[in-house]
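Listed here are the chains, written in short residue letters.
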Amino acid sequence: MDSMFIMLAPFIMSASLQLNTLDAAAKILPENREILPKVQIFLEEKHSPLPAGELLKYTNWEMIVALSNAESGYGKHCAGDYNAWGIKDFRKGSTNFGKTRDFTSWAESIQYTSELLYKYDKDDGEPTASGMVARWKYVQPFGHWIGNVNYALADLESHIQA
């Protein structure tokens, strides 16, 4: 009986992984499902750990990705656990208060970043880089950061529409 379980374990794990992938894909916004492969390729080319399926659950995913470029090289150099955006921790009682926030997963950090962007642009959560830089970055110079965000937005657009 034990040997049968050992033989079946890889198949069970593979099926479980496929179900998790399908579950994540089911939550992607319908308008974003078609571009999932292109976004995955874009992130792979950037050597980014950001999960495309998680990003595409949000209408402002492009700005989330663009900010990750300016803050961490698309998540390659995170400021904290799963924190590709340099988000500070201002939760009351946090042992990390005032420092960079740690998240428990990409899902948590991407959702938080999406919600945070709506504080900068209540209409669609996609503020302009120049419109948000002073409050987001708050350390000058701002020009390089703005350029990185805008470059990433243009790069994304050219890859996704290609």
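Anything mentioned here points back to the structure above.
Residues numbered from 1 in each chain as written. Predicted model: local features only at pLDDT ≥ 70, side-chain atom pairs only at ≥ 80, totals over all residues. Heavy atoms only, no water.

Draft legend 1. Highlighting the overall build of the chain. The secondary structure content of the chain amounts to 7 helices and 0 strands. N-terminal to C-terminal, the α/β element order of the chain is α-α-α-α-α-α-α. When burial is assessed residue by residue, the chain has 40% of its 162 residues classed as buried. Of the contacts made within the chain by residues no fewer than 6 positions apart, 50% connect residues no fewer than 24 positions apart. In the form shown here, the chain has an accessible surface area of approximately 9,700 Å², with 58% of it arising from carbon and sulfur atoms. (Helix = DSSP H or I, 4+ residues; strand = E, 2+ residues; numbered from the N terminus. Buried < 20%, exposed > 50% of the residue type's maximum accessible area, 1.4 Å probe, protein only. Contact = heavy atoms within 4.5 Å. Areas by Shrake-Rupley, 256 points an atom, 1.4 Å probe, with all protein chains shown as cover.)

Draft legend 2. Looking closely at helix α2 (residues 36-45). Burial in α2 covers these residues: Leu 36, Val 39, Phe 42 and Leu 43. When α2 is viewed along its axis, its buried side chains cluster within an angular range of 125 degrees and face the same direction. Buried-residue contacts for α2 involve α3 (52-55), α4 (61-72) and α7 (143-161). (Arc of directions from axis to C-beta.)

Draft legend 3. Just the pattern of salt bridges, in detail. Scanning all chains against the criterion turns up 4 salt bridges. Notably, a salt bridge pairs Asp 155 with Lys 46, separated by 2.7 Å at the nearest N-O pair. Here the residue Asp 155 occupies a position in helix α7, and Lys 46 occupies one in the loop between α2 and α3, the gap between them amounting to 109 residues. Judged by relative accessible area, Asp 155 falls into the buried class, the value being 9%. Classification of Lys 46 as buried rests on a relative accessible area of 18%. (Salt bridge = Lys/Arg side-chain N within 4 Å of Asp/Glu carboxyl O.)

Draft legend 4. The arrangement of the packing of aromatic side chains in detail. Under the counting rule described, the total for this entry stands at 6 aromatic pairs. Ring centres of Trp 85 and Trp 106 lie 6.1 Å apart, and the angle between their planes is 85 degrees; on these two criteria the pair is classed as edge-to-face. Of this pair, Trp 85 sits in the loop between α4 and α5 (106-120) while Trp 106 sits in helix α5, and the two are 21 residues apart along the sequence. Residue classification places Trp 85 among the buried positions, given a relative accessible area of 0%. Ring-pair connections join several aromatic residues into one group, and the members of that group are Tyr 82, Trp 85 and Trp 106. (Phe/Tyr/Trp six-rings, centres within 6.5 Å; stacked < 30°, edge-to-face > 60°.)

Draft legend 5. Expanded view of the nonpolar core. By size, the foremost hydrophobic cluster in this structure holds 38 residues, and its most contacted members are Trp 61, Leu 67, Trp 85, Trp 136 and Trp 145. Broken down by secondary-structure element, the contributors of at least two residues to this core are α2, α3, α4, α5, α6 (129-136) and α7. The biggest single contributor to this core is α4, with 7 residues. (Core = buried A, V, L, I, M, F, W, Y, C linked by side-chain atoms within 4.5 Å.)

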